[in-house]
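# Observations on the model geometry
What follows is each chain in one-letter form.
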Amino acid sequence: MSELAERLKLTVNGEARRVPAGLTVAGLLAEIGLAERKVAVERNLEIVPRSQYATTALAEGDAIEIVHFIGGG
Amino acid sequence: MTEDSWEVAGRRFTSRLIVGTGRYKSLEETRDSIAASGAEIVTVAVRRVNLSDPSAPMLQDFVPPDRYTYLPNTAGCFTAQDAVRTLRLAREAGGWNLVKLEVLGPPPFLYPDMAATFEAAAALIADGFEVMVYCADDPVAAKRLEEMGCVAIMPLGAPIGSGMGVVNPYMIRAIKAAAKVPVLVDAGIGTASEAAFAMELGCDAVLLNSAIAHAQNPVKMAEAMKHAVIAGRAAHLAGRMPRDYKADASSPMTGLIR
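Attention here is on the structure that accompanies the text. (Residues numbered from 1 in each chain as written. Chains lettered and ligands numbered in written order. Predicted model: local features only at pLDDT ≥ 70, side-chain atom pairs only at ≥ 80, totals over all residues. Heavy atoms only, no water.)

### Some details on the environment of E119 of chain B
Residue and element names in this part refer to chain B. As for its position among the elements, E119 is in helix α4 (residues 114-126). Of the residues examined, E119 reaches a relative accessible area of 47% and is grouped as partly exposed. On a C-alpha basis, the gap between E119 and A80 in space is 5.9 Å, while along the polypeptide they are 39 residues apart. Aside from chain neighbours lying at most four places away, what touches E119 is A80 and Q81. (Helix = DSSP H or I, 4+ residues; strand = E, 2+ residues; numbered from the N terminus. Buried < 20%, exposed > 50% of the residue type's maximum accessible area, 1.4 Å probe, protein only. Contact = heavy atoms within 4.5 Å.)

### Topic: the pairing of strand β3 (residues 17-20) of chain B
Residue and element names in this part refer to chain B. Both faces of β3 are covered, namely the face carrying L17 and V19 and the face carrying I18 and G20. As defined by bridge partners, β3 adjoins strand β10 (residues 205-208) across three bridges and the pair is classed as parallel. Bridging from a neighbouring strand, I18 pairs with L207 of β10. One ladder, built from three bridges, connects β3 with strand β4 (residues 41-48); its direction is parallel. From the neighbouring strand, V19 faces β4, where its bridge partner is V42. (Pairing = 2+ DSSP bridges.)

### Thoughts on the nonpolar core
Counting 70 residues, the largest nonpolar core has L101, I153, I189, L208 and M225 of chain B as the members making the most contacts within it. If near-sequence neighbours (up to four positions away) are discounted, I189 of chain B is found in contact with G163, G165, V166, E194, A195, A198, V206, L208, A211 and M225 of chain B. Of all hydrophobic cores here, the second largest spans 21 residues; its members include L10, A26 and V39 of chain A together with M58 of chain B. (Core = buried A, V, L, I, M, F, W, Y, C linked by side-chain atoms within 4.5 Å.)

### Concerning the state of the cysteines
All names here are of chain B. Here the structure, examined in full by the defined rule, presents zero disulfides over all chains. Left without a disulfide partner, C135 is nearest to the cysteine sulfur of C150, which lies 8.4 Å away. You can see C203 has no disulfide; the closest cysteine sulfur is in C135, sitting 11 Å from it. When its relative accessible area of 0% is taken as the criterion, C203 is described as buried. (Disulfide = S-S within 2.5 Å.)

### Quick look at the sheet that holds strand β6 (residues 98-101) of chain B
Residue and element names in this part refer to chain B. The strand order β6-β7-β8 describes an open sheet built from three strands, whose pairing is parallel. The open sheet has two edge strands, β6 and β8 (152-155), and neither has a second partner. Across the sheet, the mean angle from the axis of one strand to that of its neighbour is 20 degrees, orientation sign disregarded. (Axes fitted to C-alpha atoms, helices over the stretch in contact; angles between N-to-C directions.)

### Let's talk about the packing of helix α3 (residues 80-94) of chain B against α4 of chain B
Residues and elements named next belong to chain B. Where α3 contacts α4, the two axes come as close as 8 Å, and the packing angle between them is 40 degrees. You can see that α3 and α4 cross each other, and the crossing is right-handed. Residues A80, Q81, A83, V84 and L87 of α3 form the contact with α4, whose own contacting residues are E119, A120, A123 and L124. Of the residues assigned to the contact of α3 with α4, the class counts are seven nonpolar, one polar and one charged. (Left-handed = near helix turned anticlockwise from the far one by under 90°. Nonpolar A, V, L, I, M, F, W, Y, C, P; charged D, E, K, R; others polar.)

### Quick word on helix α9 (residues 218-238) of chain B
Residue and element names in this part refer to chain B. An ideal rise of 1.5 Å per residue puts 30 Å on 21 residues; α9 measures up with 30 Å between its terminal C-alpha atoms. Looking at α9, one finds that the buried residues are P218, M221, A222, M225, A228, V229, G232 and R233. End-on view of α9: buried residues confined to an arc of 125 degrees, all on one side of the axis. Facing away from the buried side of α9, by more than 90 degrees, are the exposed residues K220, I230, L237 and A238. Elements that come into contact with the buried residues of α9 comprise β3, α1 (27-37), α7 (192-200), β10 and α8 (210-213). (Expected span 1.5 Å × (residues − 1). Arc of directions from axis to C-beta.)

### Section: the packing of aromatic side chains
All names here are of chain B. Tallied over the entire structure, the rule returns four aromatic pairs over all chains. Between W6 and F13, the ring centres sit 5.9 Å apart and the planes meet at 40 degrees, which makes this aromatic pair tilted. According to the relative accessible area criterion, W6 is buried, its value standing at 3%. Residue class for F13 comes out buried when judged on its relative accessible area of 6%. In this arrangement the basic side chain of R91 is found over the ring face of F129, its NZ or CZ atom lying 4.0 Å from the centre. (Phe/Tyr/Trp six-rings, centres within 6.5 Å; stacked < 30°, edge-to-face > 60°. Lys NZ or Arg CZ within 6 Å of the ring centre and 35° of its normal.)

### Here's the deal with the environment of R88 of chain B
On the secondary structure map, R88 of chain B appears in helix α3. On a C-alpha basis, the gap between R88 of chain B and S26 of chain B in space is 28 Å, while along the polypeptide they are 62 residues apart. With near-sequence residues (within four places) excluded, R88 of chain B lies in contact with I47 of chain A together with D127 and F129 of chain B.

### Things to note about the layout of surface pockets
A water-sized probe rolled over the atoms picks out the places where empty space is left. Its boundaries defined by the atoms lining it, the largest pocket holds a volume of some 360 Å³. The wall of the largest pocket is formed by 25 residues, among which G73 of chain A together with R23, I160, N209 and S210 of chain B lie closest to the centre. For the lining of the largest pocket, the elements supplying multiple residues, two or more each, are β10 and α8 of chain B. Here the lining of the largest pocket is built from residues that sort into 10 nonpolar, 11 polar and four charged. (1 Å grid on protein atoms, 1.4 Å probe; cavity = no way out; pocket = protein on both sides within 12 Å on 5 of 7 lines; lining within 4 Å. Points joined across faces, edges and corners; volume = space filled by probe spheres on them.)

Any link to function would need more than the numbers given here.
Next comes the structure, spelled out in structure tokens:
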């Protein structure tokens, strides 16, 4: 099996990204370097509750949005 | 004497000034200005994390959510679906269901799009949100939003970021007179006297951002706004003297030397 076959193709915040198969949402946040308590995650337009980050495995073609709070009026 | 306070959606606050956290030069300036304003509630926006710089400092590090009540907004949303999607993410990020709904029309006025605002308010209320709603200074629309279940009505004083003050005080007063939920002037305030004026009209609180962030000295203006809102509220409670076009001498006309 080639290395590429073991990787999933995702879209994260509009950018294409390849990650290892089996990676969870928690794993993705760790790979990017984000603290779980400061962000919210949407997977294919559905909220992923923080309590399920560690158990939600990503799938080929997932569209992920990772957001946080910024200054606004 | 009991301390003057106000309540929205079952939460009680002492400060009647809500401030935005946008348009500052730095997060340090944001932090210092908000501290100087005495605000207990701050509005925040929800945006994508910058994946190329994940270690960049975040708003929460400077404006801690355990010290300030975060009021997530829907700035940048032009449909009800976008507003609900954005605020569901905000609710997950922070657990807050008290939110600020704003659905705006196009530049140059960014005037509230009331048809879209009604649609978004209905969707958010159905989804369990407590909605503080930015709206036109229209007493009929304001009443309808209240009847739908919005927890605060927030008519604009003037267009967002315009600094024009409260340009239609009669309608703000009319909205306040008819409302059973808090009424806040949101947007348009440019300087301290205008914030005081909004409070003198009887508003429960004032929401502003650019007036502080775009002042020459934001921290100083934040302090001015804090005092202005307190002064305006006190003047409203005191009840102003009647206006008259002619003089009414303030020194006695008896006992004059001859």
